[in-house]
Amino acid sequence: MEFWHDKTIEDIYVRLKTNVRGLSEAEAHERLKNYGTNALPAQKRKSIFSIFFSQFKSPLIYVLLVADAIVFFLKEYSDAYIILFILIFNAVLGTIQEGKAENTLAALQKFVKTRAEVIREGKDLNIADTDVVPGDIVLLQEGGKIPADARLIEARNLKVAEAALTGESEPVRKIESVLTGNLPTAEQKNM
């Protein structure tokens, strides 16, 4: 496994075939083709049937199904049908709500497009964060989102909120110095 936190900036430039002027547009385009977009793989959407049947995965539902079977065998058919109707009605409502939530999430993901500022051919460019490739020099601004995993080249009083990654509740101070050893992600202060 290759670690980036223990390499000098010059070593990283050589390894990623880049430099302080960034990649050329042609090289960035080639890397985008080779590595793919800078995005998490899209999750396969659940079918309506799998959502419906997932509504029955609850201990309380199992208890009600067993009670329904017992009531049915005791020949209390009207009570058995009422319990069964309530279980199916509940599953239909849950399916509708979960389906709407999935549709809303999918619409939000399409709507919310974030941008990244990179240096390419010595110029600052504003590109879609999905177009960031290995070797890009990314510029970070106060309050901005970090578009990809990155090794810091230069940082002045940089603090990053890493709660989603490490669980740290407070922003973490970052440095650009080389760190040695096999450090856990939370201790890689230059990444």
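Model, not experiment: these values are computed from the prediction.

Peer 1: Got a minute to help me understand the overall build of the protein in this structure?
Peer 2: Within the protein one finds six helices and five strands. A globule of 191 residues ought to have a C-alpha radius of gyration of about 16 Å, yet the protein, at 26 Å, is considerably larger. Considering only C-alpha atoms, the protein reaches an extent of 80 × 35 × 30 Å along its principal axes. When burial is assessed residue by residue, the protein has 23% of its 191 residues classed as buried. For the protein, the share of sequence-separated contacts (at least 6 apart) that also reach a separation of at least 24 residues comes to 49%. The distance from the centre of the 24 positive side-chain charges to the centre of the 26 negative ones in the protein is 4 Å.

Peer 1: Could you clarify how one ought to interpret unusual backbone geometry in this entry?
Peer 2: Across residues other than glycine, the phi torsion is negative in most instances, and most of the peptide bonds are trans. At Lys75, a residue that is not glycine, the phi angle is positive and equals roughly 65 degrees. Within the secondary structure, Lys75 sits in the loop between helix H4 (59–73) and helix H5 (77–111). Residue class for Lys75 comes out exposed when judged on its relative accessible area of 59%.

Peer 1: Looking at this model, I keep getting lost on the side chain of Asp68. Mind explaining?
Peer 2: As for its placement among the helices and strands, Asp68 is situated in helix H4. No salt bridge is formed by the buried Asp68; its nearest oppositely charged neighbour, Lys75, is found at 16 Å. Excluding residues that lie within four positions of it along the chain, Asp68 makes contacts with Asp79, Ala80, Tyr81, Ile83 and Leu84.

Peer 1: Help me understand the pairing of strand E2 (residues 123–128), please; the structure alone is not making it clear to me.
Peer 2: As a general feature of sheets, a regular strand has side chains that alternate between the two faces. Sheet topology places strand E1 (residues 115–120) next to E2; six bridges connect them, and they run antiparallel. Paired with Ala116 across the two strands is Ile127, which belongs to E2. The turn joining E1 and E2, which pair antiparallel and follow one another in sequence, is formed by two residues; a positive phi near 55 degrees is taken by Glu121.

Peer 1: What should I look at first to understand the sheet that holds E1 in this one?
Peer 2: Overall, antiparallel pairing links the three strands, which are arranged E2-E1-E3 in an open sheet. Each edge of the sheet is formed by a strand with only one pairing partner; in this case those strands are E2 and strand E3 (137–139). If you compare each strand with its neighbour and ignore which way they point, the axes differ by 40 degrees on average.

Peer 1: Teacher, can you tell me more about the side chain of Gln55 here?
Peer 2: Among the secondary structure elements, Gln55 is positioned in the loop between helix H3 (48–54) and H4. On the accessibility criterion, Gln55 (19% relative accessible area) is buried. A polar atom in the side chain of Gln55 sits 3.3 Å from the backbone oxygen of Ile51. With residues up to four places along the chain from it excluded, the contact list for Gln55 reads Ile61, Ala91, Gly94, Thr95 and Glu98.

The rules behind these values
Residues numbered from 1 in each chain as written. Predicted model: local features only at pLDDT ≥ 70, side-chain atom pairs only at ≥ 80, totals over all residues. Heavy atoms only, no water. Helix = DSSP H or I, 4+ residues; strand = E, 2+ residues; numbered from the N terminus. Rg over C-alpha atoms; globule rule 2.2 N^0.38 Å. Buried < 20%, exposed > 50% of the residue type's maximum accessible area, 1.4 Å probe, protein only. Contact = heavy atoms within 4.5 Å. Lys, Arg positive; Asp, Glu negative; His and termini not counted. Charge placed at Lys NZ, Arg CZ, Asp CG, Glu CD. Salt bridge = Lys/Arg side-chain N within 4 Å of Asp/Glu carboxyl O. Pairing = 2+ DSSP bridges. Axes fitted to C-alpha atoms, helices over the stretch in contact; angles between N-to-C directions. Polar contact = N/O pair within 3.5 Å; in protein donor to acceptor, adjacent residues only side chain to side chain.

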